[in-house]
Amino acid sequence: MKIATINVNGIREAVGRGFLDWLANQDADVVCVQNLKAKSFELDDSILYPEGYEGYFLDAEQDGFSGVGLYCRKIPKAIMYGLGFPQCDHEARFLQADYDRFSIASFLMPDGSDPAAKQAFMAQYQEYLSKMARKRREYIIAGTWHIAHKTIDLENWADNQTTPGFKPEERAWMDQVLGPTGFIDTFREINRDAGEYTWWPALDQDQPRERQEGWRVDYQLVGPNFRRHVVDAWIDYDATFSEYAPLIVEYDLPL
């Protein structure tokens, strides 16, 4: 099973830069997309239903803002829209596909431009994550968490300790999620190297991404029982339709 996640940072703009061609060449079972910045009724069928996939989307109430989606090769048993608290659901930040043995979610954390709003979101989201961790069902939560967890997850970390996405309170929250709450960072199960990034605040398209100052803010998190199923994980630096790069993880389970 191959799961990809990508913050498209505007689905129509990403399509204009080659997103659908990239999607067609992935052979991924599920592709989680975030930050659509468009309502689904505004999108062409080529975006909603690309060949080989069923598309599912959650629209934000505000125009041109947020939004998450799932492209699924196999039709899920059920789709869950949102988490039941207004900040998440009105801003369209969580969409979950349920299959027989596990669920796959596309997730978008607030970016921290409003620190109080992000802190409020994290507090409510932590409650939900704790409930998920206690269930027998397994989860893959894929998306942009807008937090670089460790110093190896961004360049110039010493100069960014008061920057949203690397503040001590945000990293402490991630410590909780990846510690006592029990979730696993699948990418770090495979790759412990520094200099592995999924987002570049000042991306220069003329320079190789891996040589530029970036942040790793995109994750696929799973429960501890899923750790043994992680086979491979990598960042697709060649995909250039967004300021974010796709994170792809392979699992040794069928969908």
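Going by the structure above, here's the rest.
Residues numbered from 1 in each chain as written. Predicted model: local features only at pLDDT ≥ 70, side-chain atom pairs only at ≥ 80, totals over all residues. Heavy atoms only, no water.

Quick notes on the overall build of the protein chain
- In terms of regular secondary structure, the protein chain is built from seven helices and twelve strands.
- Expected size for 255 residues packed as a compact globule is a radius of gyration near 18 Å; at 17 Å, the protein chain falls within 12% of this value.
- Dimensions along the principal axes, computed over C-alpha positions, put the protein chain at roughly 45 × 45 × 40 Å.
- Taking all 255 residues of the protein chain together, 55% fall into the buried category.
- Considering only residue pairs separated by 6 or more positions, the protein chain has 70% of its internal contacts joining residues 24 or more positions apart. (Helix = DSSP H or I, 4+ residues; strand = E, 2+ residues; numbered from the N terminus. Rg over C-alpha atoms; globule rule 2.2 N^0.38 Å. Buried < 20%, exposed > 50% of the residue type's maximum accessible area, 1.4 Å probe, protein only. Contact = heavy atoms within 4.5 Å.)

Focus: the packing of helix α5 (residues 115-134) against helix α6 (residues 168-177)
- Across the interface, α5 lies against α6 with an axial gap of 11 Å and an inter-helix angle of 5°. Considering their axes alone, α5 and α6 lie roughly parallel with respect to each other. Contacts between α5 and α6 involve K118, Q119, M122, Y125, Q126 and L129 from the first element and E169, E170, W173, Q176 and V177 from the second.
- Each residue belonging to the contact of α5 with α6 can be placed in one class, and the counts come to five nonpolar, three polar and three charged. (Axes fitted to C-alpha atoms, helices over the stretch in contact; angles between N-to-C directions. Parallel < 35°, antiparallel > 145°, perpendicular 65-115°, else oblique. Nonpolar A, V, L, I, M, F, W, Y, C, P; charged D, E, K, R; others polar.)

With respect to α5
- In a regular helix each residue adds 1.5 Å, so 20 residues correspond to 28 Å; α5 covers 29 Å between its end C-alpha atoms and thus fits that length.
- Those residues of α5 not exposed but buried are K118, F121, M122, Y125, Q126, Y128, L129 and M132. (Expected span 1.5 Å × (residues − 1).)

Details of the sheet that holds strand β4 (residues 68-72)
- Spatial strand order, β3-β4-β2-β1-β12-β11: six strands in an open sheet with mixed pairing. Every interior strand has two partners, whereas the edge strands, β3 (54-58) and β11 (230-235), have only one. Shown here is a sheet whose adjacent strand axes are inclined to one another by a mean of 15°, direction ignored. (Pairing = 2+ DSSP bridges.)

Considering α6
- Along α6, the positions that sit buried rather than exposed are E170, W173, M174 and V177. In a view along the axis of α6, the buried residues occupy a sector of 100°, so they form one face of it.
- Looking at the packing, one finds that the buried side of α6 touches α5 and β10 (218-222). (Arc of directions from axis to C-beta.)

Things to note about the pattern of salt bridges
- One pass over the full model with this rule turns up eleven salt bridges.
- When the shortest N-O distance is used, the salt bridge between D100 and K77 registers 3.4 Å. Here D100, found in the loop between β6 (94-98) and β7 (102-108), pairs with K77, found in the loop between β4 and β5 (78-81); they are 23 residues apart in sequence, far enough to count as distant.
- A relative accessible area of 54% places D100 in the exposed class.
- Looking at K77, the relative accessible area reads 63%, which means it is exposed.
- The shortest N-O distance in the salt bridge between D153 and R216 comes to 2.9 Å. Linking D153 in the loop between β8 (138-144) and α6 with R216 in the loop between α7 (186-190) and β10, this pair joins segments that are 63 residues apart in sequence.
- Look at the salt bridges and you will find they share partners, linking D153, D185, R188 and R216 into a network. (Salt bridge = Lys/Arg side-chain N within 4 Å of Asp/Glu carboxyl O.)

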